[in-house]
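# Structural characterization, general
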Amino acid sequence: TDAMQASAQDRFALLSSPTTIAALYLPFTALLHGATTYFADARRLGINKVLQIFREEGVTATFAVPSLLRELLRSPGAKEAFSRFRALRTGGDVI
């Protein structure tokens, strides 16, 4: 859990399917540090809703596969949505 230097002030967004390692890593990291986890399924909610959750909930960290991260960062409003981020992990795909 030290990799993200999590704290109780963090707000994680879980973007992954429940069958991935990120689906285990982020919630348990949050639980161990007293942080909050928000479930934001991009397939179900869409990119704009995920970015809205980032903004409205003040998300500070997430794990995203590169293809999803590219879509999020290319979308209008991404700069504001990612403005409170202090940790972003990526993997599980070709970068």
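Residues numbered from 1 in each chain as written. Predicted model: local features only at pLDDT ≥ 70, side-chain atom pairs only at ≥ 80, totals over all residues. Heavy atoms only, no water.

## Description of the packing of helix α3 (residues 47-57) against helix α4 (residues 66-74)
Quick note on the threshold: Whenever a helix is involved, its axis is fitted only over the stretch in contact; in every case the axis is a line through C-alpha atoms, and angles between N-to-C directions fall within 0 to 180 degrees. Put simply, DSSP H or I for four residues or longer makes a helix, DSSP E for two residues or longer makes a strand, and each gets a number counted from the N terminus. Reported orientations rely on four angle classes, namely roughly parallel under 35 degrees, roughly antiparallel over 145, roughly perpendicular from 65 to 115, and oblique for the rest. Note on contacts: a residue pair qualifies if any of its non-hydrogen atoms lie within 4.5 Å across the two residues. Each residue receives one of three labels: charged for Asp, Glu, Lys and Arg, nonpolar for Ala, Val, Leu, Ile, Met, Phe, Trp, Tyr, Cys and Pro, and polar for the others, Gly being one of them.
As a packed pair, α3 and α4 sit with axes 10 Å apart at the nearest point and diverge in direction by 75°. Judged by the inter-axis angle, α3 sits roughly perpendicular to α4. In this structure, α3 uses Ile 47, Val 50, Leu 51 and Phe 54 to contact α4, whose residues at the interface are Leu 68, Glu 71 and Leu 72. Of the residues assigned to the contact of α3 with α4, the class counts are 6 nonpolar, no polar and 1 charged.

## Looking at the nonpolar core
Put simply, the test is: Put simply, buried Ala, Val, Leu, Ile, Met, Phe, Trp, Tyr and Cys residues joined by side-chain atoms within 4.5 Å make one nonpolar core. Using a 1.4 Å probe on the protein chains alone, a residue whose accessible area is under 20% of its type maximum counts as buried, one over 50% counts as exposed, and one in between counts as partly exposed.
By size, the foremost hydrophobic cluster in this structure holds 18 residues, and its most contacted members are Leu 15, Val 50, Leu 51, Phe 54, Val 59, Leu 72 and Phe 82. With 4 residues, the top contributor of residues to this core is α3. Apart from residues no more than four positions distant in its own chain, Phe 54 is found in contact with Ala 13, Leu 15, Val 59, Leu 72, Ala 81, Phe 82 and Phe 85. In this structure, Ala 6, Ala 30, Ala 35 and Phe 63 belong to the second largest nonpolar core, which totals 11 residues.

## Some words on the packing of aromatic side chains
To keep it simple, the criterion reads: Within 6.5 Å between ring centres, the rings of Phe, Tyr and Trp (the latter by its six-membered ring) count as paired, and their orientation is classed by plane angle as stacked under 30 degrees, edge-to-face over 60, tilted in between.
Counted by the stated rule, this structure contains 3 aromatic pairs. Between the aromatic rings of Phe 54 and Phe 82, the centroid separation amounts to 5.3 Å while the plane-to-plane angle is 85°, which identifies the pairing as edge-to-face. Residue Phe 54 is located in helix α3, and its partner Phe 82 is located in the loop between α5 (78-81) and β4 (87-90); the two are separated by 28 residues in the primary sequence. In this structure an aromatic cluster arises from ring pairing among Phe 54, Phe 82 and Phe 85.

## Here we look at the sheet that holds strand β2 (residues 36-39)
The line we're drawing: Note on pairing: two strands pair once DSSP finds at least 2 bridges between them.
With respect to topology, 4 strands assemble into an open sheet ordered β2-β1-β3-β4, the strand pairing being parallel. Single-partner strands in this sheet number two, and they are β2 and β4. Geometrically, the sheet is characterised by an average inter-axis angle of 20° between neighbouring strands, direction not taken into account. In terms of strand pairing, strand β3 (residues 61-64) meets β4 through 4 bridges, oriented parallel. Directly across from Phe 63, in β4, lies its bridge partner Arg 89.

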